[in-house]
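Inside the fold
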Amino acid sequence: MSDMQINPLSEALGAEVIGVNVGEFDEAAFDKIHDAFLEYQVLVFRNQNLPPDRQVSFARRFGELDIHVQKESALPGHEEIQILSTKKIDGKYVGSPSAGDNWHSDLSYSDLPTLCSMLYAMEIPEEGGDTEWANMYTAYETLSDEMKRQLDGLHARHTYNRFRNPRVEVPEVYKGQGKQRYADIAPPDAIHPVVRTHPETGRKALYISERFTIGIEELPEEDGQALLDELIAHQKQRDFIYRHKWDQHDLTIWDNRCLIHLACGGVPEGQIRHMHRVIVRGDKPF
Ligand code: OGA
Ligand code: MN
């Protein structure tokens, strides 16, 4: 384990961890990885051999796993693993084809949002399919003092239901299933602070996103939307972002408490991007 190396990937965030096989390290090595996770927010492990059980047991070292509401995209026999895929069998997608196509933090629409997510690349297309992460510590820290004061004590409403969010589109594949699909599987709205404090680092991070945030509780509707527009434009600045171009058998893990992320899309029709995803439940944001 002495040859473990941690190399930063960009000015914004992210590091690659070289010289380890996920699932084979002891407590001391895990502590080092955990420290790097808190410091860099996204870690990339390359060339991993990660059968479902191994991915699940690695994720469990970070906490209790969650099961995604979109149950039809679970890996058969492994309900904790969700398939993200452009693959179709008999005209039907084998996993979720559109997960993450607007900026978001995983499961911010639930009472106990995701601490970290882990995504493993099984098959990678020749073109497209990148992922971007943006640093929400920096997004908060670069706000004006006046804006920071304005956000103090504000709470935002988050929903899974795309039909209730004018900032996002409903993918064709779900439009056909009608509004009931979201009404059926969406949990009740969640209310979280607009600025959250990371429970481990103690740092403040902006905690809203275009995919899930639909209003500010303490403000009249129009004022809340104007404020969200301003914050959403601010949080996606290039300087805050690391863009990952996947290789087959990359594993990434990211801290949803201090970043937002985006599936960049652009995979040509017929090309396959096939990923296994696991999510670890976090605490109630404060
Ligand atoms: C996710 C997600 C982005 C991607 O798995 O939570 O947003 O690029 N994925 O697949
Ligand atoms: Mn996501």
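Residues numbered from 1 in each chain as written. Chains lettered and ligands numbered in written order. Predicted model: local features only at pLDDT ≥ 70, side-chain atom pairs only at ≥ 80, totals over all residues. Heavy atoms only, no water.

1. Focus: the side chain of Ser 110
With respect to the helices, strands and loops of the structure, Ser 110 is situated in the loop between strand E8 (92–93) and strand E9 (114–123). In contact with Ser 110, not counting residues within four places along its chain, are Ala 190 and His 192. (Helix = DSSP H or I, 4+ residues; strand = E, 2+ residues; numbered from the N terminus. Contact = heavy atoms within 4.5 Å.)

2. Let's talk about the packing of aromatic side chains
Where two aromatic rings form a pair, the distance of their centres and the angle of their planes describe that pair. For the coordinates displayed, the defined rule picks out twelve aromatic pairs. Pairing Phe 25 with Phe 58 gives two aromatic rings, centres 5.6 Å apart and planes at 75°, and the pair type is edge-to-face. Of this pair, Phe 25 sits in the loop between strand E2 (15–18) and helix H1 (27–40) while Phe 58 sits in helix H2 (residues 52–60), and the two are 33 residues apart along the sequence. With respect to class, Phe 25 is no different from Phe 58; both count as buried. Feature note: the residues Phe 25, Phe 30, Phe 37, Phe 45, Phe 58 and Phe 62 constitute an aromatic cluster, connected by ring pairs. Sitting over the ring of Tyr 207, Arg 196 keeps its end group 4.7 Å from the ring centre. Of note, Arg 211 hangs over the ring of Tyr 160, and the distance from its end group to the ring centre comes to 5.4 Å. (Phe/Tyr/Trp six-rings, centres within 6.5 Å; stacked < 30°, edge-to-face > 60°. Buried < 20%, exposed > 50% of the residue type's maximum accessible area, 1.4 Å probe, protein only. Lys NZ or Arg CZ within 6 Å of the ring centre and 35° of its normal.)

3. Some details on the coordination of the manganese ion (ligand 2)
Around the manganese ion (ligand 2), the protein contributes the donor atoms His 104 (NE2), Asp 106 (OD) and His 261 (NE2), at 2.0 to 2.1 Å from the metal centre. Read in sequence order, the donor residues for the manganese ion (ligand 2) give the motif H-x1-D-x154-H. Of the residues examined, His 104 reaches a relative accessible area of 5% and is grouped as buried. (Donors = N, O, S within 2.8 Å, 3.2 Å for Na, K, Ca; no water.)

4. Here we look at the site of ligand 1
Taken together, Leu 84, Gly 100, His 104, Asp 106, Leu 119, Thr 131, Trp 254, His 261, Ala 263, Arg 273 and Arg 277 form the complete shell of residues around ligand 1. Between ligand 1 and Thr 131 there is a distance of 2.5 Å, counted from an oxygen atom to a side-chain nitrogen or oxygen. With the chains in place, 99% of the 290 Å² that ligand 1 exposes on its own is no longer accessible. In the shell around ligand 1, the residues fall into four nonpolar, four polar and three charged. (Near = heavy atom within 4 Å. Polar contact = N/O pair within 3.5 Å; in protein donor to acceptor, adjacent residues only side chain to side chain. Areas by Shrake-Rupley, 256 points an atom, 1.4 Å probe, with all protein chains shown as cover. Nonpolar A, V, L, I, M, F, W, Y, C, P; charged D, E, K, R; others polar.)

5. Description of the nonpolar core
Across soluble globular proteins, nonpolar side chains show a tendency to be buried alongside one another. Judged by nonpolar contacts, the single largest core of 32 residues is most densely connected at Leu 43, Phe 45, Phe 58 and Phe 62. Taken together, the elements giving at least two residues each to this core come down to E2, H1, strand E3 (42–45), H2, strand E6 (78–85), E9, strand E17 (251–255) and strand E19 (274–281). Ranked by the residues each element gives to this core, the list is headed by H1, at seven residues. If we ignore the near neighbours within four places in the chain, the residues touching Phe 62 are Phe 30, His 34, Phe 37, Leu 115, Cys 116, Met 118, Ile 253 and Val 280. Of all hydrophobic cores here, the second largest spans 26 residues; its members include Leu 151, Ala 205, Ile 232 and Ile 241. (Core = buried A, V, L, I, M, F, W, Y, C linked by side-chain atoms within 4.5 Å.)

6. Here we look at the confidence of the model for the protein
Summary statistics for the protein give a mean pLDDT of 95 and a share of 99% for residues scoring 70 or more. Mean pLDDT values over the elements of the protein span from 74, in helix H5 (residues 172–175), up to 99, in strand E14 (residues 204–206). (pLDDT = per-residue confidence, 0-100.)

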